[in-house]
Amino acid sequence: MIHSQQEQIQNAEQSAPSEMRAPAVSKKIWLIPAASAVIVAAGLLADYGYQSYINNRVFKLRQNAESMALEGNIKTAKQLISQSLAMRPTLAVLKQDKQLLDDASAIESKVNSAQSLTANHKYPEAITAIEQAKDMLQTRSGPLYTMLLKKTQNQEEAATVSQIKSEMVNKNTMTDLAPLLTKLDAFKGIEATKAKDSITQKMSDVAYSTAAKALKDKDFDKADSTIKEALKYDEQNRKLVSFQQTISSQRKNFEQAEQRSMEQAAEAATLEDIKNRTQAVQVSKISYGVNNVGDFEIRGDVVNKATRPISSIIVTYQILDDQGNTVSQNSTYVYPYYLNVGETGNFDATEYFDPTMKTAKISRVAWSLN
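Residues numbered from 1 in each chain as written. Predicted model: local features only at pLDDT ≥ 70, side-chain atom pairs only at ≥ 80, totals over all residues. Heavy atoms only, no water.

A.B. asks: I'd like a rundown of the overall build of the protein chain, residues and numbers included.
C.D. replies: Scanning the protein chain for helices and strands turns up eleven helices and seven strands. Counting over 370 residues, the protein chain shows a buried share of 37%. For the protein chain, the proportion of contacts with a sequence separation of at least 24, taken over those separated by at least 6, is 66%. Of the roughly 21800 Å² that the protein chain leaves accessible, carbon and sulfur atoms contribute 50%. (Helix = DSSP H or I, 4+ residues; strand = E, 2+ residues; numbered from the N terminus. Buried < 20%, exposed > 50% of the residue type's maximum accessible area, 1.4 Å probe, protein only. Contact = heavy atoms within 4.5 Å. Areas by Shrake-Rupley, 256 points an atom, 1.4 Å probe, with all protein chains shown as cover.)

Below, the structure written as structure tokens:
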């Protein structure tokens with residue numbers, strides 16, 4: 001902001017007389033003019049010392065003002081420059097400093113206004129204030145304006161992230177959520193990254209729920225296309241990848257089952273077959289609670305207790321309030337899709353948190369024998 005030279009301030013000193021001439025008088029009274037000369041010289045010397053002190057004082061104030069301004073404390077910087085102007089009111093460089101800080105203060109007020117509007121959830125007004133600040137900064141350059149640009153960009157990210165978090169609550173389809181993710185592409189901050197993760201997770205949950213319903217209705221094409229769309233945004237999601245395999249396998253099994261349904265109807269059930277069909281899965285572990293993004297999460301393990309491999313394991317769970325009443329009921333698939341005898345699989349599910357959610361239990365498990 002301020003690139004002063006102490007010489008500019010020193011030039012503001014009043015220059016002392018270069019010489020003094022005594023009037024022509026008798027040598028008999030030479031002591032009088034000589035004494036006068038000493039007094040005048042002493043006065044000039046004292047004034048010179050005072051002016052040097054003022055110059056040094058102004059110089060240090062301007063240095064401090066520059067530091068304050070570049071640290072973002074423009075208000076304090078303006079106060080320091082005002083103090084300097086009180087001592088050197090005609091110094092051009094100080095007037096320039098004041099103009100620069102007044103201009104920077106006007107830009108900063110836009111950013112501060114955006115911060116306040118964001119805190120009050122007035123996101124369109126906040127974005128407008130940020131755009132005004134950015135427009136003003138387009139024609140400015142220098143360290144002070146670079147600092148203000150960074151501050152403006154940070155506030156733009158904060159306002160955008162807050163707005164998207166607010167909007168995300170009421171978005172419950174892939175079509176509605178995808179544009180929110182696109183809006184965040186330009187931002188790389190911690191909060192923006194967290195918001196992206198939240199949106200991606202919600203998109204995965206929505207896709208999983210939609211595909212699970214389609215699969216239950218034997219709409220294999222819809223189930224498969226839904227999962228493929230979600231994987232475009234989160235291709236490493238193990239749960240979605242596993243479910244895609246589940247869809248493919250169930251499609252194949254369904255097609256094969258239709259061909260041999262008559263044959264299976266004629267098969268006599270044995271005790272082992274009954275056990276495999278009724279007691280093949282044991283829930284060995286279940287845990288539940290609120291996760292780090294504020295949703296109610298259920299996790300658990302199941303073990304294949306059958307004498308044959310099993311697949312397509314569906315766990316139906318209930319979330320209860322503190323009175324034991326059902327708050328929510330849903331189902332989720334175990335992964336991996338295929339479990340050999342004695343192998344353990346995992347399941348997890350996420351529900352949007354309701355304060356009445358207290359406990360969870362498994363109400364039913366279904367599976368297919370291989």
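A.B. asks: Residues and numbers for the sheet that holds strand β1 (residues 281-290), please.
C.D. replies: One open sheet holds the three strands; their spatial order is β1-β2-β6, and the pairing between them is antiparallel. Strand pairing shows two members of the sheet lacking a second neighbour, β1 and β6 (344-351), which therefore form its edges. Across the sheet, the mean angle from the axis of one strand to that of its neighbour is 15°, orientation sign disregarded. Across eight bridges, the pairing between strand β2 (residues 296-304) and β6 is antiparallel. Looking across to β6, one finds that E297 is bridged to T350. (Pairing = 2+ DSSP bridges. Axes fitted to C-alpha atoms, helices over the stretch in contact; angles between N-to-C directions.)

A.B. asks: Outline the pairing of β2, listing residues and values.
C.D. replies: Most of β2 is tucked away, with eight of its nine residues classed as buried. Bridge analysis of β1 against β2 gives nine bridges, and the strand direction is antiparallel. Opposite G289, over in β2, you have E297 as the bridge partner. Between β1 and β2, which pair antiparallel one after the other, the connecting turn spans five residues, and G294 there sits at a positive phi close to 90°.

A.B. asks: Just give me the short version of the pattern of salt bridges, but keep the residues and values in it.
C.D. replies: Under the criterion given, the structure shown has 17 salt bridges. E191 is the salt-bridge partner of K165, the closest N and O atoms lying 3.5 Å from each other. Here E191 lies in helix α8 (residues 190-216) and K165 lies in helix α6 (residues 143-168), a separation of 26 residues in the sequence. Looking at K165, the relative accessible area reads 40%, which means it is partly exposed. A salt bridge links E297 to R299, with the nearest nitrogen and oxygen atoms 3.2 Å apart. Residue classification places R299 among the partly exposed residues on the basis of a relative accessible area of 41%. (Salt bridge = Lys/Arg side-chain N within 4 Å of Asp/Glu carboxyl O.)

A.B. asks: How would you explain the packing of aromatic side chains if you had to name every residue and give the values?
C.D. replies: Evaluated as defined, the whole model comprises four aromatic pairs. Ring centres of Y208 and F243 lie 4.7 Å apart, and the angle between their planes is 40°; this geometry places the pair in the tilted category. Of the two residues, Y208 sits in helix α8 while F243 sits in helix α10 (residues 238-265), which places them 35 residues apart along the sequence. When the ring of F243 is compared with that of Y333, the centres are 5.0 Å apart and the planes differ by 55°; the resulting orientation is tilted. Taken together, the residues span a long stretch of sequence, with F243 in helix α10 and Y333 in strand β4 (residues 326-333) at a distance of 90 residues. Clustering of aromatic rings is evident, with ring pairs tying together Y208, F243 and Y333. (Phe/Tyr/Trp six-rings, centres within 6.5 Å; stacked < 30°, edge-to-face > 60°.)

A.B. asks: Explain the packing of α6 against α8 residue by residue, including any values.
C.D. replies: Interaxial distance between α6 and α8 falls to 9 Å at its minimum, and their mutual angle equals 20°. Classed by the angle they form, the pair α6 and α8 counts as roughly parallel. In this structure, the crossing between α6 and α8 has a hand that is left-handed. On α8, the residues touching E157, V161, I164, K165 and M168 of α6 are I190, E191, A192, A195, S198, I199 and K202. Residue classes in the contact of α6 with α8 are distributed as seven nonpolar, one polar and four charged. (Parallel < 35°, antiparallel > 145°, perpendicular 65-115°, else oblique. Left-handed = near helix turned anticlockwise from the far one by under 90°. Nonpolar A, V, L, I, M, F, W, Y, C, P; charged D, E, K, R; others polar.)

A.B. asks: Run through helix α3 (residues 74-87), naming residues and quoting values.
C.D. replies: For α3, which comprises 14 residues, the first-to-last C-alpha distance of 20 Å matches the rise-based estimate of 20 Å (1.5 Å per residue) to within 8%. Within the sequence span of α3, burial applies to I74, A77, L80, I81, S84 and L85. For α3, the buried positions fall inside an angular range of 145° around the axis, keeping them on one side. Residues of α3 that are exposed and point over 90 degrees away from its buried face: K75 and A86. (Expected span 1.5 Å × (residues − 1). Arc of directions from axis to C-beta.)

A.B. asks: Requested: an account of empty space enclosed by the protein, with residues and values cited.
C.D. replies: This model, assessed by the stated rule, comprises one cavity of 30 Å³ or more. Taken as a whole, the largest cavity spans an internal volume of roughly 40 Å³. Lining the largest cavity are Y208, K239, S242, F243, T246, Y333, V334 and Y335. The greatest single-element share of the lining of the largest cavity, amounting to four residues, is contributed by α10. Taken together, the residues of the lining of the largest cavity sort by class into five nonpolar, two polar and one charged. (1 Å grid on protein atoms, 1.4 Å probe; cavity = no way out; pocket = protein on both sides within 12 Å on 5 of 7 lines; lining within 4 Å. Points joined across faces, edges and corners; volume = space filled by probe spheres on them.)

A.B. asks: Outline the layout of surface pockets, listing residues and values.
C.D. replies: The gaps left among the atoms become clear once a water-sized probe is rolled over them. The computed volume of the largest pocket comes to approximately 820 Å³. A212, K213, N330, S331 and Y333 are, among the 33 residues lining the largest pocket, the residues nearest its centre. Those elements that place two or more of their residues in the lining of the largest pocket are α8, α10, β3 (310-320), β4, β6 and β7 (359-369). The biggest single contributor to the lining of the largest pocket is α8, with eight residues. Residues that form the lining of the largest pocket fall into these classes: 13 nonpolar, twelve polar and eight charged.

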